[in-house]
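Descriptive structure summary
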Amino acid sequence: MNPVVPAGQAGYDAVAIDPSQIQPQSYDLAPGDKIAVRVYGEPELSVDELVIDNAGFVNLPLIGEIRASGQSAGELAQGIEAAYAADFVRDPRVNVVVLQGRVRTIAVEGEVEQPGVFPYAEGQTLLSALALARSPTDVAKLDEVIIFRTVEGERLAGRFDLQDIRGGRSPDVALVPGDVVVVGYSTVRGAYLDVVKALPVVGFFRPIN
């Protein structure tokens, strides 16, 4: 049996997960991130710019390779402090600064004027994402807008009525990095349904307060 994507209020509340569980409390470092490592009072050990390699490591003076991927900047700083304290520096104090993180994106597909992948911005919503895609086309099915989201490997979804949101009858929907917005088809309905049938989903989203 094909899953039914929850709509209306059920689309917001079908799975009661606090938003703080979706958005990490701190930024986890990953390959490609650019960081600076500052060891106070030890300029020869400080590095103004490092790129985390594909294996998730950075190379530092004296201590060599140390894993950075999967840690926050603060956790990496603590690991570097421990490594220097073990053999090289008495009571080291280390600060790690993220100079450039990986690009976070959302995607907008379906019946919009300019589908594509767009940079995610804090506070982004369904309406602002559709504005990036130059709004739905004239043939879009506005009561069949689905947001797909992956949380801890599980694909979740909710179906929303864009006219109700625009008219203030329903709240806008907060987006998170990685979300995919699919605007429904009124003239090519079969293609729209294929998207829904292909993904095992449950409802997820909450309104913006």
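All values reported here derive from a predicted model rather than from experimental measurement. (Residues numbered from 1 in each chain as written. Predicted model: local features only at pLDDT ≥ 70, side-chain atom pairs only at ≥ 80, totals over all residues. Heavy atoms only, no water.)

1. Some thoughts on the overall build of the protein
Counting secondary structure elements, the protein contains five helices and 10 strands. Within the protein, the fraction of its 209 residues that count as buried is 38%. By sequence separation, contacts in the protein at least 24 residues apart represent 62% of the contacts at least 6 residues apart. Per element, the accessible surface of the protein, about 11200 Å² overall, is 49% carbon and sulfur. (Helix = DSSP H or I, 4+ residues; strand = E, 2+ residues; numbered from the N terminus. Buried < 20%, exposed > 50% of the residue type's maximum accessible area, 1.4 Å probe, protein only. Contact = heavy atoms within 4.5 Å. Areas by Shrake-Rupley, 256 points an atom, 1.4 Å probe, with all protein chains shown as cover.)

2. Points about the pattern of salt bridges
If you walk through the whole model with that rule in mind, you get four salt bridges. Linking Lys34 and Glu49 is a salt bridge whose minimum nitrogen-to-oxygen distance equals 3.8 Å. Here Glu49 lies in strand S2 (residues 47-51) and Lys34 lies in strand S1 (residues 34-39), a separation of 15 residues in the sequence. (Salt bridge = Lys/Arg side-chain N within 4 Å of Asp/Glu carboxyl O.)

3. Comments concerning helix H2 (residues 73-87)
Its 15 residues give H2 an end-to-end C-alpha distance of 22 Å, which sits within 8% of 21 Å, the value for a rise of 1.5 Å per residue. Residues Ala73, Leu76, Ala77, Ile80 and Tyr84 constitute the buried set of H2. Projected down its long axis, H2 shows its buried positions confined to an angular sector of 100 degrees, all on one face. Looking at H2, the residues exposed on the side facing more than 90 degrees away from the buried face are Gln78 and Ala86. Buried residues along H2 sit against S1, strand S3 (57-60), strand S4 (64-67) and strand S5 (94-100). (Expected span 1.5 Å × (residues − 1). Arc of directions from axis to C-beta.)

4. Quick notes on the environment of Val176
Tracing the backbone shows Val176 in the loop between helix H4 (162-166) and strand S10 (180-185). The class for Val176 is buried, based on a relative accessible area of 7%. Sequence separation between Val176 and Gln124 is 52 residues; the distance between their C-alpha atoms is 7.6 Å.

5. Thoughts on unusual backbone geometry
One non-glycine residue, Leu62, adopts positive backbone phi at about 75 degrees. Backbone geometry at Arg134 places phi at a positive 65 degrees, although glycine is not the residue there. Along the chain, Arg134 falls in the loop between helix H3 (126-132) and strand S8 (140-151). Arg134 sits in the exposed class, given a relative accessible area of 55%.

6. Some details on the sheet that holds S1
Think of a sheet as strands paired side by side through backbone hydrogen bonds, with each pair either parallel or antiparallel. The strand order across the open sheet formed by three strands is S2-S1-S5, and the pairing between neighbours is antiparallel. Single-partner strands in this sheet number two, and they are S2 and S5. On average, each strand axis in the sheet is tilted by 30 degrees relative to the strand beside it, whichever way the strands run. Judged from the three bridges that link them, S1 and S2 form a sheet pairing that is antiparallel. What sits directly across from Lys34, in S2, is Val51. (Pairing = 2+ DSSP bridges. Axes fitted to C-alpha atoms, helices over the stretch in contact; angles between N-to-C directions.)

7. Brief notes about the nonpolar core
Counting 21 residues, the largest nonpolar core has Ile35, Val37, Val58, Leu60, Ile80, Tyr84 and Val96 as the members making the most contacts within it. Secondary structure elements with two or more residues in this core: S1, S2, S3, H2 and S5. If we ignore the near neighbours within four places in the chain, the residues touching Ile35 are Leu29, Asp48, Glu49, Leu50, Val58, Leu76, Val96, Val97, Val98 and Leu99. Counting residues in hydrophobic clusters, the runner-up holds 20 residues, among them Ala129, Leu142, Leu175 and Val183. (Core = buried A, V, L, I, M, F, W, Y, C linked by side-chain atoms within 4.5 Å.)

8. Observations concerning the packing of aromatic side chains
For the structure on display, the rule yields one aromatic pair. Taken together, a centroid distance of 6.5 Å and an interplanar angle of 75 degrees make the contact between Tyr84 and Phe88 edge-to-face. Residue Tyr84 is classed as buried on the basis of its relative accessible area, which comes to 0%. (Phe/Tyr/Trp six-rings, centres within 6.5 Å; stacked < 30°, edge-to-face > 60°.)

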